[in-house]
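# An overview of the molecular structure
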Amino acid sequence: HSLGEYAAAVIAGVFTLEEGMRLVAARATLMQQLPADGAMAAIFAPAAEVEAAIAREQRVAIAAYNGPDHLVISGDAARVGELIADFESKGRRTRRLTTSHAFHSPLIEPMQAAFRRVAEG
């Protein structure tokens, strides 16, 4: 997922390597312009449990399903920290990820229109 999708699209002939590189560079530039107030964490718990914990969240999302009991959440740093504490209090293993932003979360939405313009070009 994520950057691997660009590589797969190039291999599949969806766009050229140069177009893919342009998209990846634009994506990185736009993401770096966003506030760095997000966080990501690996949660080692059943998907249904993680989904239920964030069902009403507006600023936290599931960023990746890495396995049936291994998901990554992403979003507002304070709320991700609270969710980590909640899962740990239930005996679930967690790991905060070292990232600059809350990738694959609602916090990325402000850059989507600009990225769409790049992609349409």
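The structure contained in this document is the topic of the report that follows. Keep in mind that what you see is a predicted model, and the values were worked out from it rather than measured.

## Quick look at the packing of aromatic side chains
If you walk through the whole model with that rule in mind, you get zero aromatic pairs. Positioned above the aromatic ring of F87 is the side chain of K90, whose terminal nitrogen or guanidinium carbon lies 5.6 Å from the ring centre. Sitting above the plane of the F44 ring, R93 keeps its charged end 3.8 Å from the centroid.

## A look at the sheet that holds strand β4 (residues 93-97)
The sheet built from four strands is open, its strands ordered β2-β3-β1-β4 with antiparallel pairing. With one partner strand each, in any of the chains shown, β2 (60-67) and β4 form the two edges of the open sheet. Ignoring which end each strand starts from, the neighbouring axes of this sheet average 20 degrees apart. Summarising the sheet, strand β1 (residues 38-44) and strand β3 (residues 70-76) pair through six bridges and their orientation is antiparallel. Looking at β3, one finds that I43 is bridged to L71.

## Comments concerning the packing of helix α1 (residues 3-11) against helix α2 (residues 17-32)
Packing of α1 against α2 brings their axes to within 9 Å, and their N-to-C directions diverge by 165 degrees. Judged by the inter-axis angle, α1 sits roughly antiparallel to α2. Between α1 and α2 the crossing geometry is right-handed. Contacts between α1 and α2 involve L3, Y6 and V10 from the former and L17, G20, L23, V24 and R27 from the latter.

The rules behind each value
Residues numbered from 1 in each chain as written. Predicted model: local features only at pLDDT ≥ 70, side-chain atom pairs only at ≥ 80, totals over all residues. Heavy atoms only, no water. Phe/Tyr/Trp six-rings, centres within 6.5 Å; stacked < 30°, edge-to-face > 60°. Lys NZ or Arg CZ within 6 Å of the ring centre and 35° of its normal. Pairing = 2+ DSSP bridges. Helix = DSSP H or I, 4+ residues; strand = E, 2+ residues; numbered from the N terminus. Axes fitted to C-alpha atoms, helices over the stretch in contact; angles between N-to-C directions. Parallel < 35°, antiparallel > 145°, perpendicular 65-115°, else oblique. Left-handed = near helix turned anticlockwise from the far one by under 90°. Contact = heavy atoms within 4.5 Å.

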